[in-house]
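Coordinate inspection notes
Chain by chain, the residues:
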Amino acid sequence: MCRNWPKRRKVRAEPQGAHERELKNNRLLRPDQPNEEKGEEAMNRLTGKVSSMEELLQRIRSTKEIMENVTDWRVIPPREAKFADFPDTIRPELRAALEDKGVTRLYSHQAAAFREIAAGRHVVTVTPTASGKTLTYNLPVMQKLLEDDGARALYLFPTKALAQDQVAELQETVNRMGAGIKTHTYDGDTPPSVRTAI
């Protein structure tokens, strides 16, 4: 958790070199300057990248300008994933496409979401990053589209990049099924001719 961030400062033009002197103790902005007392190695000077997440976290933790705003630092231990078998009602071509991608069983929240949506109930999924949220909505949507040629689905995403990632993921599964499901993004960059088709 962070305290209130410092108020913005006005930036004034300074002679070259003054800014570098001001940053000399900031190890995140000067990755080539390791803290030798702590046994740190320098970041790669060509890429400016750290070698591991642990190194990045250590650099953040050793940066006074950041840590003076942090009131608590916690490490949440990993938990074992909870799995469930594919629901019996899932379409065979959908299951085969998922298995072809290496998905041999679902996370418990994916299976639960599929059952609830199939029963006509609304679902809200709140899980950490990379825990399979996409499949919680793609599964029931693809199931419905396979069952009903007249069905449609509209996905709303806050960014174009996320929309592109999601349509690519959906299209990959559709292609594996060999289904005639069409997927598109519709945003400010969509050409008028494509908009009409969509």
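Below is a short write-up of the structure. (Residues numbered from 1 in each chain as written. Predicted model: local features only at pLDDT ≥ 70, side-chain atom pairs only at ≥ 80, totals over all residues. Heavy atoms only, no water.)

Description of unusual backbone geometry
Backbone geometry follows two general trends: most residues other than glycine have a negative phi, and most peptide bonds adopt the trans configuration. Note the threshold: Runs of H or I in DSSP of at least four residues are treated as helices and runs of E of at least two as strands, each being numbered from the N terminus.
For Ala-130, which is not glycine, the phi torsion reads 60° and is therefore positive. With respect to the element layout, Ala-130 can be found in the loop between α5 (108–118) and α6 (133–147).

Here we look at a nonpolar patch on the surface
The following threshold applies: Here a patch means residues that are over 30% exposed by relative accessible area and free of salt bridges, tied together within 9 Å if like-charged and within 5 Å if nonpolar (Val, Leu, Ile, Met, Phe, Trp, Tyr). All accessible areas in this document rest on Shrake-Rupley with a 1.4 Å probe, and a residue is counted as covered only by the protein chains that are shown. When a carboxyl oxygen of Asp or Glu lies within 4 Å of a side-chain nitrogen of Lys or Arg, that pair is called a salt bridge. To sort residues, take the accessible area from a 1.4 Å probe on protein chains only and compare it with the maximum for the residue type: under 20% means buried, over 50% means exposed, and anything in between is partly exposed.
The grouping of Met-53, Leu-56 and Leu-57 at the surface amounts to a nonpolar patch, some 250 Å² of accessible area in total. Here Leu-56 is to be found in helix α2 (residues 53–61). A relative accessible area of 30% places Leu-56 in the partly exposed class.

Considerations on the packing of aromatic side chains
Cut-off, in case you're wondering: Two rings from Phe, Tyr or Trp (for Trp, the six-membered ring) form a pair when their centres sit within 6.5 Å of each other. Planes less than 30 degrees apart are called stacked, planes more than 60 degrees apart edge-to-face, and all others tilted.
Enumeration according to the criterion identifies three aromatic pairs in this entry. Ring geometry for Tyr-137 and Tyr-155: centres 5.4 Å apart, planes at 90°, overall edge-to-face. Note that Tyr-137 is positioned in helix α6 and Tyr-155 in the loop between α6 and α7 (160–177), a separation of 18 residues in sequence. Exposure remark for Tyr-137: the relative accessible area of 28% places this residue in the partly exposed category. On the basis of an interplanar angle of 70° and a centroid distance of 6.0 Å, the ring pair of Tyr-155 and Phe-157 is categorised as edge-to-face.

So, the environment of Arg-115
Residue placement: Arg-115 occurs in helix α5. It is 9.8 Å that separates the C-alpha atoms of Arg-115 and Ile-90, two residues lying 25 residues apart in sequence.

A look at the side chain of Gln-166
As a reminder, the rule being used: We call two residues in contact whenever any of their non-hydrogen atoms come within 4.5 Å of each other.
When you line up the elements, Gln-166 lands in helix α7. Not counting chain neighbours up to four residues away, the residues in contact with Gln-166 comprise Thr-134, Tyr-137 and Phe-157.

Looking at the pattern of salt bridges
Overall, the coordinates contain nine salt bridges when judged by the stated rule. The shortest N-O distance in the salt bridge between Glu-55 and Arg-59 comes to 3.4 Å. Here the residue Glu-55 and the residue Arg-59 both occupy positions in helix α2, the gap between them amounting to four residues, near one helical turn. The exposure class assigned to Glu-55 is buried, which follows from its relative accessible area of 18%. Between Lys-160 and Asp-189 there is a salt bridge, and its shortest N-O distance comes to 3.0 Å. One end of the pair, Lys-160, is in helix α7; the other, Asp-189, is in the loop between α7 and α8 (192–197), with 29 residues separating them in the sequence. Among the residues examined, Asp-189 registers a relative accessible area of 58% and is labelled exposed. Members of the salt-bridge network, linked through shared partners, are Asp-100, Glu-172 and Arg-176.

Describing the nonpolar core
Selection criterion: In this text, buried Ala, Val, Leu, Ile, Met, Phe, Trp, Tyr and Cys residues form a nonpolar core when linked through side-chain atoms within 4.5 Å.
Core analysis: the biggest nonpolar cluster contains 20 residues, and Ile-90, Leu-94, Leu-98, Leu-139 and Met-177 have the highest contact counts within it. When contributions to this core are tallied by element, the ones reaching two or more residues are α4 (92–100), α5, α6 and α7. With six residues, α6 is the largest single contributor of residues to this core. Those residues in contact with Ile-90 that sit more than four places away from it in its chain are Arg-95, Leu-98, Phe-114, Leu-139 and Gln-143.

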